[in-house]
Amino acid sequence: MTLADSRNGAGVVPRVVLWGSRGTTSTIPHLLLAEAGAAFEVRFLSLKDGEQRRPEYLAVNPKGEVPALAVGGRVVTEIPAICVFIAETHPASGLLPADPLEKALALSWLQWCSFRQAQSFFPGFMPQRFIEGEAEAAKLRAASVGRVAEAMRQAGEALSRSGGFLGGERPGLADYYLFMQERWAARAFRLELPEACAAHRARMAARPAVARVMETEGLEP
Ligand SMILES: N[C@@H](CCC(=O)N[C@@H](CS)C(=O)NCC(=O)O)C(=O)O
């Protein structure tokens, strides 16, 4: 099924709404929707103002997190699931291989990014969610920076062995996740990226769909 041929009995294509917040992990599906040429609407929340915890949004995603992708009357949450949905409803985008082994390899990188986000980046962004006290938070943040550096090292090695993208010769789903992680590693965690990651970040930033989304979200690449 593709979104284009998923018309219901009344001939209506389900309306796709991405709920997100500028410059967060929701930018990843935003990039993919743009890259796939999808018809969608994006609605931004301010996490700083706690809009994700307002009843109107909890009715969309009771977990109080972005992203959430509303498709018709249903809501898909969790980035890997949203990414796969976008790729599979836009097969011409080539964002996810059809071959089972190639697909498994691509999903393996997507899961790697998702796990690193939760385990390595998130404690550094929000140490106070895990631990009390300034000194303890600083230690946790330092540990997080170390883990992010190790993640970038592993990604850099993989990129050096591949054709320049985690997806090989062309970007796959995980490349859009990694692009945002490279930005956070360099900008928020002040890390010097391995050469292969810096080159990957630049290649991704140069893609017209990526540049458009960055502009829409008011982000520097
Ligand atoms: N497991 C979720 C995590 C998403 C997530 O961490 N979202 C953050 C923004 S980057 C969020 O909405 N945080 C709001 C909060 O925790 O209050 C996913 O993969 O979609």
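For every chain, the first residue of its written sequence is number 1, and the numbers climb from 1 along that sequence. Residues qualify for local features only when their pLDDT is at least 70, as the model is predicted, and side-chain atom pairs are given and counted only at 80 or more; totals for whole chains, interfaces and linings, by contrast, use all residues.

K.L.:
Describe the overall build of the protein, naming the residues involved and giving the relevant values.
P.N.:
Along the backbone of the protein there are eight helices and four strands. Counting from the amino terminus, the protein carries its helices and strands in the arrangement β-α-β-α-β-β-α-α-α-α-α-α. In terms of overall size, the protein behaves like a compact globule, its C-alpha atoms giving a radius of gyration of 18 Å where 221 residues would be expected to give roughly 17 Å. Burial in this document is a count-based property: other C-beta atoms within 10 Å of a residue's C-beta are tallied, and the residue is buried at 20 or more, exposed at 12 or fewer, or partly exposed in between, with C-beta positions derived from the backbone. Taking all 221 residues of the protein together, the buried fraction comes to 34%. We call two residues in contact whenever the C-beta atoms placed from their backbones are within 7 Å. Residue pairs in contact within the protein that sit at least 24 positions apart in sequence constitute 59% of those at least 6 positions apart. Here a strand is any run of E in DSSP of at least two residues, a helix any run of H or I of at least four, and the numbering for each starts at the N terminus. Here the globule rule is a power law, 2.2 Å times the number of residues to the power 0.38, and the radius of gyration is based on C-alpha atoms.

K.L.:
Account for the packing of helix H1 (residues 27-36) against helix H3 (residues 79-89), with residues named and values stated.
P.N.:
Lines fitted to the C-alpha atoms define the axes, with helices restricted to the stretch that makes contact. Angles between their N-to-C directions range from 0 to 180 degrees. Closest axis-to-axis distance for the H1/H3 pair is 10 Å, and the angle between their directions is 5 degrees. On the basis of the axis angle, H1 is roughly parallel to H3. Along the contact surface, H1 presents Ile28, Pro29, Leu32, Leu33 and Ala36, while H3 presents Ile79, Ile82, Cys83 and Ile86. Asp, Glu, Lys and Arg are counted as charged, while Ala, Val, Leu, Ile, Met, Phe, Trp, Tyr, Cys and Pro are counted as nonpolar; the rest, among them Gly, fall into the polar class. Considering only residue class, the contact of H1 with H3 consists of nine nonpolar, no polar and no charged. Angle categories are assigned with fixed cut-offs, so that under 35 degrees is roughly parallel, over 145 is roughly antiparallel, 65 to 115 is roughly perpendicular, and the rest are oblique.

K.L.:
Kindly report on the site of the ligand, identifying the contributing residues and their values.
P.N.:
Surveying the vicinity of the ligand reveals the residues Thr24, Thr25, Leu47, Gln52, Gly64, Glu65, Val66, Pro67, Thr77, Glu78, Ile79 and Ser114. Per-class residue counts for the shell around the ligand are four nonpolar, six polar and two charged. Being near a molecule or strand means, for a residue, that its C-beta atom, positioned from the backbone, comes within 6 Å of it.

K.L.:
Kindly report on helix H5 (residues 134-161), identifying the contributing residues and their values.
P.N.:
Given a rise of 1.5 Å per residue, 28 residues ought to cover 40 Å, and the 41 Å separating the end C-alpha atoms of H5 matches this to within 8%. Packed against the buried residues of H5 are helix H4 (100-125), helix H6 (173-187) and helix H7 (195-205). Helix span, expected: 1.5 Å multiplied by one less than the number of residues in the helix.

K.L.:
Lay out the confidence of the model for the protein in plain terms, naming residues and giving numbers.
P.N.:
pLDDT runs from 0 to 100 and stands for how confident the predictor is about each residue. Per-residue confidence for the protein gives a mean pLDDT of 94, with 94% of residues at or over 70. Low confidence marks residues 4-11, where pLDDT is under 50. Its contacts with residues over four positions away, or in another chain, come to five contacts.

K.L.:
Provide a residue-level description of the pairing of strand E3 (residues 68-71), including the pertinent values.
P.N.:
By the bridge criterion, four bridges tie strand E1 (residues 16-20) to E3 in an arrangement that is antiparallel. Residue pairing for E3: Val17 is matched across the bridge by Ala70. In terms of strand pairing, E3 meets strand E4 (residues 74-77) through four bridges, oriented antiparallel. Residue Ala70 lies in a different strand from E4, and its bridge partner there is Val75. DSSP bridges decide pairing: two strands pair if at least two such bridges lie between them.

K.L.:
Break down the nonpolar core for me, citing the residues and quoting the values.
P.N.:
Membership of the largest hydrophobic core comes to 47 residues, with the highest contact counts inside it found for Leu32, Cys83, Leu110, Leu173, Ala174 and Tyr177. Considering each element in turn, this core owes the most residues, eight residues, to H6. Setting aside its immediate chain neighbours within four residues, Tyr177 contacts Ile28, Leu110 and Cys113. Any nonpolar core is a set of buried residues, restricted to Ala, Val, Leu, Ile, Met, Phe, Trp, Tyr and Cys, that join up through C-beta atoms within 7 Å.

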